[in-house]
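Architecture and fold: a report
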Amino acid sequence: MKKIRIALTKGRLEEHALDIFKSIGVNVKELENKGRKLVFHCENEDYDMDFFLVKAPDVTTYVEYGAADIGIVGKDTLMEKNREFYEVLDLKVGKCKFSLAALPEFKMNEGYNRKKIATKYPEVAREYFRKKGVDVELIKIEGSVELAPIVGLADAIVDIVETGSTLKENGLIIVEDICNISARMIINKASMKTKREEITNVIEKVSKVINK
Ligand code: PRP
């Protein structure tokens, strides 16, 4: 049995990913009490796996370069930074959406100036406005994007909405939904050949669990 290396996204998707691996019989105990350790070896008669937890965009980097065979990452990250790997499964967890949001008085087609749009996802926003044929100025923000229209940095935001409570608590409303997002499984292209048996086994088992 060949060892598989799996890059998981730290944070919101972490628990969902662990639940999925737990449900296919991987012993993830060490990962649930992780401290400052970075690599977790999980082995039993069915699996030989190393897991590591990294930030979402780094999951794609580790998988693209083959340092990880499998990655679990949000579609939001894949849309922003599509790279060379196979996207094999929609895990149907970590569900949220991309939306255009603003203060209630915002009107997209009012005034002559280009609208300023703050976002953590400039490529997603660029593509959205390109399709609409609207010329905007994109401002890249690293977090707490909802602040931008409140303090006058931007007219509107393109951001992730999960429960909607961040928008609500800050007096913002959804202008338009852009697309739905969920966690995906991605696979390194070479690993798909060199570790075909082990990887197919994981894909098939996870696929059964998520479609139950
Ligand atoms: C995300 C997103 C919104 C929030 C939406 O931010 O950018 O701010 O979650 O969730 P809600 O609809 O359930 O309120 P995240 O907390 O991941 O980090 P950030 O604020 O640093 O961007």
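These numbers were taken from a predicted model, which means no experiment stands behind them. (Residues numbered from 1 in each chain as written. Predicted model: local features only at pLDDT ≥ 70, side-chain atom pairs only at ≥ 80, totals over all residues. Heavy atoms only, no water.)

Observations regarding the sheet that holds strand β2 (residues 39-43)
- Read from one edge to the other, the open sheet built from six strands follows the order β2-β3-β1-β4-β11-β5, with strand pairing classed as mixed. Looking at which strands have only one partner, the edges of the open sheet turn out to be β2 and β5 (86-90). Each strand of the sheet is rotated relative to its neighbour by a mean of 25 degrees, with strand direction disregarded.
- Across five bridges, strand β4 (residues 70-74) lies against strand β11 (residues 183-187) in antiparallel orientation. By the bridge assignment, isoleucine 70 is partnered in β11 with isoleucine 187.
- Lying on the sheet, helix α3 (residues 56-64) is in contact with β1 (4-9), β3 (48-54), β4 and β11; it crosses β4 at an angle near 150 degrees. (Pairing = 2+ DSSP bridges. Helix = DSSP H or I, 4+ residues; strand = E, 2+ residues; numbered from the N terminus. Axes fitted to C-alpha atoms, helices over the stretch in contact; angles between N-to-C directions. Contact = heavy atoms within 4.5 Å.)

Quick notes on the side chain of glutamate 146
- Among the secondary structure elements, glutamate 146 is positioned in the loop between β8 (136-140) and α6 (147-150).
- Buried and without a salt bridge, glutamate 146 has lysine 120 as its closest oppositely charged side chain, separated by 7.5 Å.
- Setting aside anything within four residues of it in sequence, one finds glutamate 146 in contact with Ile157, Asp159, Thr166, Leu167 and Leu172. (Buried < 20%, exposed > 50% of the residue type's maximum accessible area, 1.4 Å probe, protein only. Lys, Arg positive; Asp, Glu negative; His and termini not counted. Salt bridge = Lys/Arg side-chain N within 4 Å of Asp/Glu carboxyl O.)

Structural notes on the UniProt feature "domain: ATP phosphoribosyltransferase catalytic" (unreviewed entry) in the chain
- Per the UniProt record, "domain: ATP phosphoribosyltransferase catalytic" (unreviewed entry) is annotated on residues 55-206.
- A distance of 22 Å separates the end C-alpha atoms of residues 55-206, which is 34% helix and 31% strand. (UniProt positions renumbered as here; feature names shortened; annotations may be inferred.)

As for the pattern of salt bridges
- Under the definition given, this model contains 19 salt bridges.
- Note that glutamate 32 is salt-bridged to lysine 22, the shortest N-O span being 2.8 Å. With a gap of ten residues between them, glutamate 32 in helix α2 (residues 29-32) and lysine 22 in helix α1 (residues 14-23) connect regions that are remote in the sequence.
- Classification of glutamate 32 as partly exposed rests on a relative accessible area of 40%.
- Residue lysine 22 is classed as partly exposed on the basis of its relative accessible area, which comes to 41%.
- Of the charged contacts, one joins lysine 195 and aspartate 69 as a salt bridge, the two residues approaching to 2.9 Å between their closest N and O atoms. Taken together, the residues lysine 195 in the loop between α8 (189-194) and α9 (196-210) and aspartate 69 in the loop between α3 and β4 connect sequence positions 126 residues apart.
- Exposure remark for aspartate 69: the relative accessible area of 2% places this residue in the buried category.
- Within the structure, one salt-bridge network assembled from shared partners comprises Lys75, Glu87, Asp90 and Arg184.

What about the site of the ligand?
- What surrounds the ligand is a group of 13 residues, the closest being Lys120, Glu146, Asp159, Thr163 and Thr166.
- With respect to the ligand, the side chain of aspartate 159 contributes an N or O atom lying 2.7 Å from an oxygen atom.
- In the model, an oxygen atom of the ligand is placed 2.8 Å from a nitrogen or oxygen of the glutamate 162 main chain.
- Relative to its unbound accessible surface of 500 Å², the ligand loses 73% to contact with the protein.
- Counting residues per element, the ones that place at least two in the shell around the ligand are β9 (156-161) and α7 (165-169).
- At three residues, the largest contribution of residues to the shell around the ligand is made by β9.
- Split by residue class, the shell around the ligand holds two nonpolar, six polar and five charged. (Near = heavy atom within 4 Å. Polar contact = N/O pair within 3.5 Å; in protein donor to acceptor, adjacent residues only side chain to side chain. Areas by Shrake-Rupley, 256 points an atom, 1.4 Å probe, with all protein chains shown as cover. Nonpolar A, V, L, I, M, F, W, Y, C, P; charged D, E, K, R; others polar.)

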